[in-house]
Amino acid sequence: MSGIKPPFTAETALQKVKAAQRLWNTRDPARVALAYTPDTIWRNRDSFMKGREEVVQFLTKKWEKENGYRLRKELFAFTDNKIAVQFFYEWFDEKDGGRKQWYRTYGLEDWTFADDGLMRKRQMSGNDVAIADDERWFKEDVADEDTVEISEKHL
């Protein structure tokens, strides 16, 4: 997830967050897993995992379900080797008859990094909110998730 290592500054913490955003938007589980230590510890909602192999399995299942996944991460806070992130992502689920039900997931992440800059621990809490197609932020014509204005109502 970039060569940025702790201790973080405001500038490097933001760079780390945006590097993670770009990486996760590839939806490539094996590539994403390389940003984490081999023995990484994760909690993602109610799922607990340890190690890159479990992370790859989890992300593979996640992105099989979450079609059209588009993510934005924002720096929330940081210390020497920790970063807190607020995030939003949109995805759809295929319903009967091919109808798409869109969702926006709102959440927070707590990251702890090893000295080499790989993430050692990740905790995520998130909530899925059903949205209509016309409520989507990250439509197909949006080239960069960071260009979408998100109002204070959602922050």
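Small disclaimer: the values here were computed from a predicted structure and weren't measured.

## With respect to the side chain of E90
The topology assignment puts E90 in strand β4 (residues 82–94). What makes E90 buried here is its relative accessible area of 0%. In this structure the side chain of E90 is engaged in a polar contact, spanning 3.0 Å, whose partner is the side chain of R104. Among residues more than four places away in sequence, those in contact with E90 are G68, Y69, R70, W102, Y103, R104, I131, E135, R136, W137 and F138.

## Some points on the pairing of strand β1 (residues 36–44)
In terms of strand pairing, β1 meets strand β6 (residues 119–131) through five bridges, oriented parallel. Within the sheet, the bridge partner assigned to N44 lies in β6 and is M124. Pairing of β1 with strand β2 (residues 47–50), which is carried by four bridges, proceeds in the antiparallel orientation. Across the sheet, residue N44 finds its bridge partner in β2, namely S47. A loop of two residues connects β1 with β2, the two strands running antiparallel in sequence, and R45 in this loop sits at a positive phi of about 55°.

What counts and what doesn't
- Residues numbered from 1 in each chain as written.
- Predicted model: local features only at pLDDT ≥ 70, side-chain atom pairs only at ≥ 80, totals over all residues.
- Heavy atoms only, no water.
- Helix = DSSP H or I, 4+ residues; strand = E, 2+ residues; numbered from the N terminus.
- Buried < 20%, exposed > 50% of the residue type's maximum accessible area, 1.4 Å probe, protein only.
- Polar contact = N/O pair within 3.5 Å; in protein donor to acceptor, adjacent residues only side chain to side chain.
- Contact = heavy atoms within 4.5 Å.
- Pairing = 2+ DSSP bridges.

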